[in-house]
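Geometric and topological summary
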Amino acid sequence: MAETKLIQRALAGETLPTPPIWMMRQAGRYLPEYRATRAQAGDFLSLCYNSDLAAEVTLQPIRRYGFDAAILFADILLVPDALGADLWFVTGEGPRLSTITTDADFEKIKGADDIHDHLAPVYETVRILSRELPNETTLIGFAGAPWTVATYMIAGRGTPDQGPAHALKAENRPLFQAVIDRLTEATIVYLDAQIRAGAEVVKLFDSWAGSLKGEDFTEFALKPAATIISALKAKHPNTPVIAFPREAGDNYIGFAKATGADCVALDNSVSAVWAAEHVQVDSCVQGNLASSHMVTGGSALVEETGAICRAFANGAHIFNLGHGITPDADPANVELMIETVRSGNW
Ligand code: CP3
């Protein structure tokens with residue numbers, strides 16, 4: 001049967017009259033119903049590992065807005081958690097994990113095939129969603145890319161410049177490479193399991209790809225993505241992959257061809273007009289409205305949304321933000337963005 005869902009049609013390269021739309025972090029703290037379910041779960045990680053409640057928060061933005069895709073509710077740091085790096089979240093500050101600075105630290109990390117018991121609740125969330133989502137809604141699974149996940153595993157927390165990961169790369173290259181390789185293997189088996197549970201598309205989040213320059217970008221953003229995508233395509237040739245090497249700049253050019261990704265997600269530091277000329281020529285693109293418009297709204301939101309739709313109108317495009325929606329966003333502005341995109345009046 002020919003694929004009828006709009007997201008898969010765009011991912012197959014079709015130019016649609018208006019782009020399908022979903023939003024990074026669409027289940028999140030800007031929604032009162034999310035905050036209520038999170039309070040019921042206790043904390044963020046308990047929510048991630050409670051399959052019924054994780055499915056519920058995934059469905060909330062679909063019910064409220066009718067997005068064309070639902071993204072599994074989970075977190076990129078569940079993989080290090082499953083590999084045995086203790087993970088906890090400090091309210092108002094972000095994630096904390098054990099650190100990796102020595103070979104002895106790495107020896108405590110589990111093998112890639114040992115993650116599944118710990119991640120079983122995530123696979124169950126995917127199974128619930130594939131039963132409960134409306135027929136027209138695409139279910140997107142995801143994982144963090146090895147470099148981005150490694151930056152948290154090495155430093156034990158988020159860092160503004162990924163300094164500890166860059167330092168380990170310079171000081172103990174074999175150890176750094178071993179971390180990247182273990183995460184590459186774990187990402188393959190994790191995404192394979194999500195697809196077998198019912199994920200129809202998967203996305204690889206490399207949020208800190210922009211801090212890799214020159215050869216480092218090739219070695220630690222491009223190559224791991226290519227390895228992961230070719231392993232997934234060997235098993236699931238019909239499952240599209242979206243790659244998000246955030247803030248890659250000129251390195252967005254050719255990224256889809258070099259990695260086998262079906263779509264490149266763009267952050268808002270590149271202009272849509274530039275990306276249409278240099279990136280969309282090779283593949284579907286996703287993006288790239290600045291998430292600040294979800295806070296400020298008004299005519300600037302409408303104009304910028306229209307400008308992005310126009311710039312990408314001659315090729316395959318999935319509308320999205322350039323990064324996740326923030327907790328201070330106004331839910332009414334999300335509605336305005338969706339209406340503007342779907343009106344086709346731009
Ligand atoms: O997009 C979605 O709605 C799917 C779920 C999802 C979450 N995180 C939920 C979440 C996805 C795809 C992620 C990805 C993620 N997680 C990334 C890559 C994408 C990006 O945003 O750059 C990163 C770097 C993380 C790690 C992470 N998780 C951090 C640094 C934080 C703390 C910062 C913050 O926003 O509070 C989280 C927490 C997190 N992940 C929240 C959500 C909804 C907020 C948790 C809460 O309810 O308090």
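See the structure printed just above.
The structure reproduced in this document is the subject of the present report.

Calculation notes
- Residues numbered from 1 in each chain as written.
- Predicted model: local features only at pLDDT ≥ 70, side-chain atom pairs only at ≥ 80, totals over all residues.
- Heavy atoms only, no water.
- Helix = DSSP H or I, 4+ residues; strand = E, 2+ residues; numbered from the N terminus.
- Rg over C-alpha atoms; globule rule 2.2 N^0.38 Å.
- Areas by Shrake-Rupley, 256 points an atom, 1.4 Å probe, with all protein chains shown as cover.
- Lys, Arg positive; Asp, Glu negative; His and termini not counted.
- Charge placed at Lys NZ, Arg CZ, Asp CG, Glu CD.
- Near = heavy atom within 4 Å.
- Polar contact = N/O pair within 3.5 Å; in protein donor to acceptor, adjacent residues only side chain to side chain.
- Nonpolar A, V, L, I, M, F, W, Y, C, P; charged D, E, K, R; others polar.
- Buried < 20%, exposed > 50% of the residue type's maximum accessible area, 1.4 Å probe, protein only.
- Salt bridge = Lys/Arg side-chain N within 4 Å of Asp/Glu carboxyl O.
- Contact = heavy atoms within 4.5 Å.
- Pairing = 2+ DSSP bridges.
- Axes fitted to C-alpha atoms, helices over the stretch in contact; angles between N-to-C directions.
- Phe/Tyr/Trp six-rings, centres within 6.5 Å; stacked < 30°, edge-to-face > 60°.
- Expected span 1.5 Å × (residues − 1).
- Core = buried A, V, L, I, M, F, W, Y, C linked by side-chain atoms within 4.5 Å.

Considerations on the overall build of the protein
Within the protein one finds 16 helices and nine strands. For the protein, whose C-alpha radius of gyration is 19 Å, the value lies close to the compact-globule estimate of 20 Å for 346 residues. Expressed as lengths along the three principal axes of its C-alpha atoms, the size of the protein is roughly 60 × 45 × 45 Å. Accessible surface computed for the protein: about 13700 Å², of which carbon and sulfur atoms make up 49%. For the protein, the distance from the average position of its 27 positive side-chain charges to the average position of its 42 negative side-chain charges is 1 Å.

Considering the site of the ligand
Neighbouring the ligand are 22 residues; Arg-25, Tyr-34, Arg-38, Asp-75 and Ser-207 lie closest to it. In this structure, Gln-26 approaches the ligand through a main-chain N or O atom, which is 3.5 Å from an oxygen atom. Taking 860 Å² as the accessible area of the ligand by itself, protein coverage stands at 87%. For the shell around the ligand, the class distribution of residues is 15 nonpolar, three polar and four charged.

Here's the deal with the side chain of Asp-267
Relative to the helices and strands, Asp-267 is located in the loop between β7 (263-265) and α13 (272-278). The buried charged residue Asp-267 lacks any salt bridge partner; its closest oppositely charged side chain belongs to Arg-246, at an N-O distance of 6.1 Å. Polar side-chain contacts of Asp-267 include one of 2.8 Å to the backbone nitrogen of Glu-247. A polar contact is formed between the side chain of Asp-267 and the side chain of Tyr-252, at a distance of 2.5 Å. Asp-267 has contacts with Phe-244, Arg-246, Glu-247, Ala-248, Tyr-252, Asn-288 and Gly-322, leaving out every residue within four places of it along the chain.

Regarding the sheet that holds strand β4 (residues 138-144)
If you walk across this open sheet you meet the seven strands as β1-β4-β5-β6-β7-β8-β9, and the pairing is parallel. The open sheet is flanked by β1 (69-71) and β9 (317-321), the only strands paired with a single partner. Neighbouring strand axes in the sheet, compared pairwise and without regard to direction, differ in orientation by 25 degrees on average. Two elements, β1 and β4, share three bridges in a ladder whose sense is parallel. What sits directly across from Ile-71, in β4, is Ile-140. Lying over the sheet, helix α11 (residues 215-235) contacts β5 (201-206) and β6 (241-245), oriented at roughly 165 degrees with respect to β5.

Focus: the packing of aromatic side chains
Under the criterion given, the structure shown has ten aromatic pairs. Taken together, a centroid distance of 5.7 Å and an interplanar angle of 50 degrees make the contact between Tyr-34 and Phe-73 tilted. Linking Tyr-34 in helix α2 (residues 32-41) with Phe-73 in the loop between β1 and α5 (78-82), this pair joins segments that are 39 residues apart in sequence. Of the residues examined, Tyr-34 reaches a relative accessible area of 4% and is grouped as buried. Assessed through its relative accessible area of 8%, Phe-73 is described here as buried. Measuring from centroid to centroid gives 6.0 Å for Trp-147 and Phe-176, while their planes differ by 65 degrees, and the two rings are edge-to-face. Here Trp-147, found in helix α8 (residues 146-155), pairs with Phe-176, found in helix α10 (residues 173-197); they are 29 residues apart in sequence, far enough to count as distant. By the burial criterion, Trp-147 is buried, and Phe-176 matches it.

Topic: helix α16 (residues 331-343)
Helix length check: α16, at 13 residues, gives a terminal C-alpha distance of 19 Å against a target of 18 Å (1.5 Å per residue), a fit within 8%. As for α16, its buried residues are in contact with α4 (51-65), β8 (284-289), α14 (293-296), α15 (298-311) and β9. The opening residue of α16, the one whose side-chain oxygen lies 2.9 Å from the backbone nitrogen of Ala-332, is Asp-330.

Some points on the environment of Thr-91
When you line up the elements, Thr-91 lands in the loop between β2 (87-90) and β3 (94-97). Once the C-alpha coordinates of Thr-91 and Asp-43 are considered, the two residues, 48 residues apart in sequence, prove to be 9.3 Å apart.

Quick notes on the nonpolar core
Counting 130 residues, the largest nonpolar core has Val-334 and Met-337 as the members making the most contacts within it. By residue number, the principal contributor to this core is α10, which donates 13 residues. If near-sequence neighbours (up to four positions away) are discounted, Val-334 is found in contact with Met-23, Tyr-30, Tyr-65, Phe-67, Met-294 and Ile-325.

Let's talk about the pattern of salt bridges
Per the stated rule, a full pass over the model turns up 14 salt bridges. For the salt bridge of Asp-68 with Arg-342, the shortest nitrogen-to-oxygen distance reads 3.1 Å. With Asp-68 in the loop between α4 and β1 and Arg-342 in helix α16, this residue pair connects regions lying 274 residues apart in the sequence. In this structure Asp-68 comes out as buried when scored by relative accessible area, which is 12%. Here Arg-342 falls in the partly exposed class, since its relative accessible area comes to 35%. For Asp-282, the salt bridge identified is with Lys-257, shortest N-O distance 3.5 Å. Of this pair, Asp-282 sits in the loop between α13 and β8 while Lys-257 sits in helix α12 (residues 255-259), placing them 25 residues apart in sequence. Asp-282 sits in the partly exposed class, given a relative accessible area of 30%.

Functional significance is not addressed by these values, which are geometric in nature.
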